[in-house]
Amino acid sequence: MNFPLTIWDVSLWIAVMAIILLITSELLAPYSNYFGDFVMEKKRLRLAALVLGAAFMVTVLLRVVMPF
Amino acid sequence: MTLPRTNEKSNNKGKNDEKSEEATVEYLLKAIEDLQKQNEILKREVLKPKRTPSGKIGFTFLTIGALMLLWSVLKTSTVLAFIGLGLTFWGALFLFVRPVKFVRGTILDSTAISSYTTIDRIIQDLNYEGRPIYIPPYPKEAYLPEYLKNLKEMIVVIPAEDILTVPTVDEMAKKQFLLKNPKGICIAPPGFGLMSLFENELGLDFSSCSLEQLCNNLPAIITELALAEQIEIFMEKGPVHAKVEGSIYKDLYQPDLIHVIIRDSIYKDLFNPERGLKSPHLFGCPLASAIACALSKAAGKLVTTAKNVVSSDLKTIEIWYQTLKA
């Protein structure tokens, strides 16, 4: 009944997600919030990307502090 | 003997003509019917209410993801855990990036009409002919005695005559509507709310930024908020259009022109000649008024509209603002 992922698995997953979101956010930056009928909050997307990036950095720091 | 044959022929020809005419009419009627149907479908497409996304996808992803995560714990499966984590995350993200509110542009346009009609009525009733003068407020952080606190509000003055004059500090501080010296009325600019929104969105106080900085930032935020398709701002040193004769401040005016081109404004319908509104040509639409407020605040000078040209298809609005140091 344990969670099957280790912190390093989660760290890798966070890194991949952060990269995807950061690239998406950068690509959408020059456009407005309205893409035809599709509307979204670009600022929130960027915030989510930055939070994930920061979370990844925290896991990297953890790896430095606790190498094993 | 040939006469009946020719008659027969002409009769046949006439019948054929009638038949072909009927066929053409039928064909045309059918074509019109088809076009009308297409037109109806297109109208429905255009008028289809644009709603905020319902979030169904987000909730579905979130639920499936949570179930997968639970399952992965029960089965101790890494693959299920990754899938669950991914679905939960994307579900939460879809819900998070949903816009809070989405209002159609035509609604904004219709809400502005009543205030412009009211201003029109006031100006017509009082028979005032002056051009509006935007008066910049004192900066928020500036110290002012209690009785002058109202000077921190942005106002626009419509003088009785087309002479550039400003009311006395006392009159402005008392928040008076009808001004006596000089004769005129003092109201909150129609674009004041929009200007405050621009300040909030940019995280800037326009009174503490330069005109160049404002001209760089303003077009971006206006297009970002989808208030207009394109905005261009040019600084010009131009001729004096304002009539300043007879004013005690006439020696203090130093005119500068700022040329603004607004393309496909959301408020363009206010300039529609069928509406018969005069005040949008005086103040500009709420967007133009907001730009005037921002210019006045950034320059710390009085601003008035020197000239205003609207294209016949209402798509392009050109405004020349004039800054005056008084």
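Residue indices begin from 1 for each chain and proceed along its sequence in written order. Chain A is the first chain written and ligand 1 is the first ligand written, with later ones labelled in order. Residues qualify for local features only when their pLDDT is at least 70, as the model is predicted, and side-chain atom pairs are given and counted only at 80 or more; totals for whole chains, interfaces and linings, by contrast, use all residues.

**Concerning the overall build of chain A**
Our working rule: Only DSSP runs of H or I reaching four residues or more are called helices, and only runs of E reaching two or more are called strands; each is numbered from the N terminus. Exposure in this text rests on C-beta crowding, where 20 or more other C-beta atoms within 10 Å of a residue's own make it buried, 12 or fewer make it exposed, and counts in between make it partly exposed. The C-beta atoms are placed from the backbone.
For chain A, the helix and strand inventory stands at 2 helices and 2 strands. Listing each helix as α and each strand as β along chain A from the N terminus yields α-β-β-α. Residue burial in chain A is summarised as follows: out of 68 residues, 13% are buried.

**Digging into the interface of chain B and chain A**
As a reminder, the rule being used: Our contact criterion uses C-beta atoms placed from the backbone: two residues qualify when those atoms are within 7 Å. Any residue outside Ala, Val, Leu, Ile, Met, Phe, Trp, Tyr, Cys, Pro, Asp, Glu, Lys and Arg is labelled polar, Gly included; the first ten of those are nonpolar and the last four are charged.
Between chain B and chain A, the contact holds 19 residues from the first and 17 residues from the second. Every element with two or more residues in the side of chain B that touches chain A is listed here: α2 (56-75), α3 (78-96) and α7 (211-224) of chain B. Considering each element in turn, the side of chain B that touches chain A owes the most residues, 7 residues, to α3(B). When the residues that make up the side of chain B that touches chain A are grouped by side-chain class, the tally is 11 nonpolar, 6 polar and 2 charged.

**Topic: the nonpolar core**
Using the following cut-off: The nonpolar core criterion groups buried Ala, Val, Leu, Ile, Met, Phe, Trp, Tyr and Cys residues into a set whenever they are joined through C-beta atoms within 7 Å.
Membership of the largest hydrophobic core comes to 53 residues, with the highest contact counts inside it found for B:Leu287, B:Ile291, B:Ala294 and B:Leu295. Looking at this core, the element that brings in the most residues is helix α9 (residues 286-299) of chain B, giving 10 residues. Look past the residues within four positions of B:Leu287 in its chain and what remains in contact with it is B:Gly191, B:Leu194, B:Ile222, B:Leu227, B:Ala228, B:Ile262, B:Ser265 and B:Tyr267. A:Ala18, A:Leu45, A:Phe56 and B:Val97 belong to the second-largest nonpolar core, a separate cluster that totals 11 residues.

**Some words on the confidence of the model for chain B**
All names here are of chain B. The condition is simple: Each residue gets a pLDDT score, which is the predictor's confidence in that residue and runs from 0 to 100.
With 85% of its residues at a pLDDT of 70 or more, chain B has an overall mean of 80. Across chain B, element-level confidence peaks in α3 with a mean pLDDT of 92 and bottoms out in helix α1 (residues 2-47) with 74. Note on residues 239-254: pLDDT is under 50 here. Beyond four places in sequence and across chains, it has 30 contacts. Among the prediction metrics, the complex's ipTM stands at 0.86, with pTM recorded as 0.62.

**Things to note about the pairing of strand β6 (residues 256-263) of chain B**
Residue and element names in this part refer to chain B. As a reminder, the rule being used: For two strands to pair, DSSP has to find at least two bridges joining them.
In this sheet, β6 lies alongside strand β5 (residues 230-236) in antiparallel orientation, the contact comprising 7 bridges. The partner of methionine 235 across the bridge, within β6, is isoleucine 258. Direction of pairing for β6 relative to strand β8 (residues 316-324): antiparallel, over a ladder of 8 bridges. Bridge pairing in β8 links isoleucine 261 to glutamate 318.

**Comments concerning unusual backbone geometry**
Trans is the common state for peptide bonds, and a negative phi is the common state for residues other than glycine. Residue and element names in this part refer to chain B. Located in the positive-phi region is aspartate 264, a residue other than glycine, with phi close to 55°. By the element assignment, aspartate 264 lies in the loop between β6 and α8 (279-283). You can call aspartate 264 partly exposed: it has 14 C-beta atoms within 10 Å. With a phi close to 65°, leucine 314 is a non-glycine residue in the positive phi region. Along the chain, the position of leucine 314 falls in the loop between β7 (302-310) and β8.

**Observations concerning the sheet that holds β6(B)**
What the 8 strands build is an open sheet, ordered β3-β4-β2-β1-β7-β8-β6-β5 (chain B); its pairing is antiparallel. The open sheet has two free edges, formed respectively by β3 (178-179) and β5 of chain B, since each of these has just one partner strand.

**Regarding the packing of helix α6 (residues 192-202) of chain B against α7(B)**
Residue and element names in this part refer to chain B. Where we set the bar: Lines fitted to C-alpha atoms define the axes, with helix axes restricted to the stretch in contact, and inter-axis angles between N-to-C directions lie between 0 and 180 degrees. Angle categories are assigned with fixed cut-offs, so that under 35 degrees is roughly parallel, over 145 is roughly antiparallel, 65 to 115 is roughly perpendicular, and the rest are oblique.
At a minimum axis separation of 11 Å, α6 and α7 run at an interaxial angle of 100°. For the element pair α6 / α7, the angle class is roughly perpendicular. On α7, the residues that touch Phe198, Glu201 and Leu202 of α6 are Asn217, Leu218 and Ile221. Tallied by class, the residues present in the contact of α6 with α7 amount to 4 nonpolar, 1 polar and 1 charged.

**Let's talk about the environment of B:Ala288**
All names here are of chain B. Residue placement: alanine 288 occurs in helix α9. We classify alanine 288 as buried; it has 27 C-beta atoms within 10 Å. Spatially, the C-alpha atom of alanine 288 lies 8.7 Å from that of valine 260, the residues being 28 residues apart in sequence. Those residues in contact with alanine 288 that lie beyond four places of it in its chain are Gly191, Ile262, Ile317 and Ile319.

**Here's the deal with α3(B)**
Selection rule: A helix is expected to span 1.5 Å for every residue after the first.
With 19 residues, α3(B) extends 27 Å between its outermost C-alpha atoms, agreeing within 8% with the 27 Å of an ideal straight helix rising 1.5 Å per residue. Among the structural elements, α1 (7-28) and α2 (42-65) of chain A together with α2 of chain B are those in contact with the buried residues of α3(B).

**Overview of the confidence of the model for chain A**
When pLDDT is averaged along chain A, the result is 86, and 88% of the positions lie at 70 or above. Summarising per-element confidence for chain A, the mean pLDDT is lowest in strand β1 (residues 34-35) of chain A (64) and highest in α1(A) (92).

**Let's talk about the packing of α1(A) against α2(A)**
In a packed pair of helices, the relevant descriptors are the angle between the two axes and the axis-to-axis distance. Residues and elements named next belong to chain A. Stated formally: Should the near helix be turned anticlockwise from the far one by less than a right angle, the crossing is termed left-handed; should it be turned clockwise, right-handed.
Between α1 and α2, the least distance of the axes is 8 Å, while the angle of their chain directions is 150°. The angle between the axes of α1 and α2 places the two elements in the roughly antiparallel class. As α1 packs across α2, the resulting crossing turns out to be left-handed. Contact residues: α1 offers Ile7, Ser11, Ile14, Ala15, Met17, Ala18, Leu21, Leu22, Thr24, Ser25 and Leu28, while α2 offers Lys42, Leu45, Arg46, Ala48, Ala49, Leu52, Gly53, Ala55, Phe56, Thr59 and Leu62. Residues that form the contact of α1 with α2 fall into these classes: 15 nonpolar, 5 polar and 2 charged.

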